[in-house]
Amino acid sequence: MIKQAIIPLAGLGTRLLPLTSVLPKELLPINGKPGLEYILDECIEAGIKEIIFVISKKKNSIKKYYYNDTFYRALIKKKKDKKIIHEYNKIKKIKKMIKFVYQNSPTGTGDAILKCRKFIKDNFFLVLLPDDLIIKRNCSLSMIKLHNKYKASIIASKRVNKAEVSRWGIFNLKKINKTNFLINDVIEKPTIKEAPSNFAVIGRYILPKKIFKVLENQKAGKNGEIHITDAIRTLLHNENKFLGHRFNGKYLDCGTMKGYINSTLKISKL
Ligand code: G1P
């Protein structure tokens, strides 16, 4: 069973400036609710029991959001408002499930995941990239079901416009059917010429614990970052089974200003 999830949250959020000069992008509201809460709802609904947040000192307000007991208690004392009590209880419940790990220099998703090594207990764990919202269907849940069936690592995927392949990790794949495929290889942000397909990596991964051994020795890749994609690539070259999952939900890219605005519009119409 997959019981633990990692959420890398130490990114600088430069694509969402000036908002992110004072607020972590994951706390920006999308239709009245921080983006991070959608990701947490997905995890909890999928049966995850423990969530590791990888933050940086600059993003301590994410911790404060869940550790604001004094603020809530003082408010509740003054006004016995049901809504405030409800919000506080929700936060208290989530607080019990999360652990914080620090990544003070943003050196990539691979490095963020490696920092969680000592907390991971089982052979497989889930990773969710918070820029990628998937609504209408629970992508993590369908990936966990797939993992339980095939005992393989799983990565979410969707087809993207050929002209935009260099924004994504891109798969080389075989044996494709309507919902899944076998992954042969993966390249982080290839040029159009290098791209083996237009099936992109979307930020949901079920990864094996042995990826930590690979990450330990991994050199920086594109833009000087330690990418999880490169560690996956090493595992693929060593005969590890990875399946791509063509999820059914609707994908919303919240990592860019245009995408962020669009996600509020889309969610408000649900
Ligand atoms: C990251 C991954 C990339 C993946 C993308 C999905 O890129 O490195 O492989 O396709 O997330 O959103 P980033 O958005 O951090 O540039």
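About the cut-offs
- Residues numbered from 1 in each chain as written.
- Predicted model: local features only at pLDDT ≥ 70, side-chain atom pairs only at ≥ 80, totals over all residues.
- Heavy atoms only, no water.
- Near = heavy atom within 4 Å.
- Polar contact = N/O pair within 3.5 Å; in protein donor to acceptor, adjacent residues only side chain to side chain.
- Areas by Shrake-Rupley, 256 points an atom, 1.4 Å probe, with all protein chains shown as cover.
- Nonpolar A, V, L, I, M, F, W, Y, C, P; charged D, E, K, R; others polar.
- Buried < 20%, exposed > 50% of the residue type's maximum accessible area, 1.4 Å probe, protein only.
- Helix = DSSP H or I, 4+ residues; strand = E, 2+ residues; numbered from the N terminus.
- Pairing = 2+ DSSP bridges.
- Core = buried A, V, L, I, M, F, W, Y, C linked by side-chain atoms within 4.5 Å.
- Contact = heavy atoms within 4.5 Å.
- Phe/Tyr/Trp six-rings, centres within 6.5 Å; stacked < 30°, edge-to-face > 60°.
- Lys NZ or Arg CZ within 6 Å of the ring centre and 35° of its normal.
- Salt bridge = Lys/Arg side-chain N within 4 Å of Asp/Glu carboxyl O.

Chemist: For the site of the ligand, give the residues involved together with the corresponding values.
Modeler: Lining the immediate environment of the ligand, one finds Arg15, Leu129, Asp132, Arg167, Trp168, Gly169, Glu188, Lys189, Val201 and Thr229. Glu188 is positioned with one of its side-chain polar atoms (N or O) 2.7 Å from an oxygen atom of the ligand. Lys189 places a polar side-chain atom, nitrogen or oxygen, 2.8 Å from an oxygen atom of the ligand. Out of a free accessible area of 380 Å², the ligand has 86% covered by protein chains. The residue makeup of the shell around the ligand, split by class, is 3 nonpolar, 2 polar and 5 charged.

Chemist: I'd like to hear about the pairing of strand β8 (residues 153-159), residue by residue, with values.
Modeler: Counting buried positions along β8 yields 5 of 7 residues, so the element is predominantly enclosed. The sheet contact formed by β8 and strand β11 (residues 199-208) spans 6 bridges and is antiparallel. Looking across to β11, one finds that Ala156 is bridged to Ile202.

Chemist: I'd like a description of the environment of Pro8, backed by residues and values.
Modeler: On the secondary structure map, Pro8 appears in strand β1 (residues 4-8). The class of Pro8 is buried, set by a relative accessible area of 12%. Taking C-alpha positions, Pro8 is 9.8 Å from Tyr102, a pair spaced 94 residues apart along the chain.

Chemist: How would you sum up the pairing of strand β10 (residues 180-188)? Please name residues and give values.
Modeler: For β10, the tally of buried residues reaches 7 of 9 residues, placing the bulk of the element in the interior. Relative to β10, strand β9 (residues 169-174) runs antiparallel, the two sharing 6 bridges. Its bridge partner lying in β10, Phe171 is registered against Val186. Looking at chain direction, β10 and strand β12 (residues 242-246) are connected through 3 bridges and run antiparallel. Looking at the pairing, Phe181 lines up with Gly244 of β12.

Chemist: Before we move on, can you summarise the nonpolar core with the specific residues and values?
Modeler: Most often, soluble globular proteins have nonpolar side chains that are buried together. Core analysis: the biggest nonpolar cluster contains 57 residues, and Ile7, Ile48, Ile51, Phe53, Ile62, Tyr66 and Leu133 have the highest contact counts within it. Ranked by residue count, the leading element in this core is helix α1 (residues 35-45), at 5 residues. Leaving out residues up to four positions away in the same chain, Ile48 has contacts with Ile2, Lys3, Gln4, Ala5, Cys43, Met97, Leu126 and Ile144. Counting residues in each nonpolar core, the second largest holds 31 residues, with Ile155, Val214, Leu215 and Leu235 among its members.

Chemist: If you had to explain the packing of aromatic side chains to someone new, which residues and values would you point to?
Modeler: With the rule as written, the count across this model stands at 10 aromatic pairs. With 6.0 Å between their ring centres and 65° between their planes, Tyr67 and Phe100 make a pair best called edge-to-face. Here the residue Tyr67 occupies a position in the loop between α2 (60-66) and α3 (69-78), and Phe100 occupies one in strand β5 (residues 98-102), the gap between them amounting to 33 residues. With centroids separated by 5.4 Å and ring planes inclined at 80°, the aromatic side chains of Phe71 and Tyr72 adopt a geometry described as edge-to-face. Feature note: the residues Phe53, Tyr65, Tyr66, Tyr67 and Phe100 constitute an aromatic cluster, connected by ring pairs. One residue, Lys95, lies across the ring of Tyr67, its end atom 4.7 Å from the ring centre.

Chemist: Break down the pattern of salt bridges for me, with residues and values.
Modeler: One pass over the full model with this rule turns up 17 salt bridges. The closest approach of N and O atoms between Glu87 and Lys83, which form a salt bridge, is 3.1 Å. With a gap of 4 residues between them, Glu87 and Lys83 both fall in helix α4 (residues 82-95), about one helical turn apart. Here Asp253 makes a salt bridge to Arg167, at a shortest N to O gap of 3.7 Å.

Chemist: Tell me about unusual backbone geometry, residues and numbers included.
Modeler: The omega angle of the peptide bond from Leu17 to Pro18 is 5°, so this bond is cis rather than trans. Its place among the elements puts Pro18 in the loop between β1 and β2 (29-30). Although it is not a glycine, Lys136 adopts a positive phi angle of roughly 75°. Mapped onto the elements of the fold, Lys136 is located in the loop between β7 (132-135) and α6 (139-150). Within the chain, Lys151 stands out as a residue other than glycine whose phi angle is a positive 55°. Residue position: Lys151 is located in the loop between α6 and β8.

It is worth stressing that arrangement in space is one thing and function is another; only the former is reported here.
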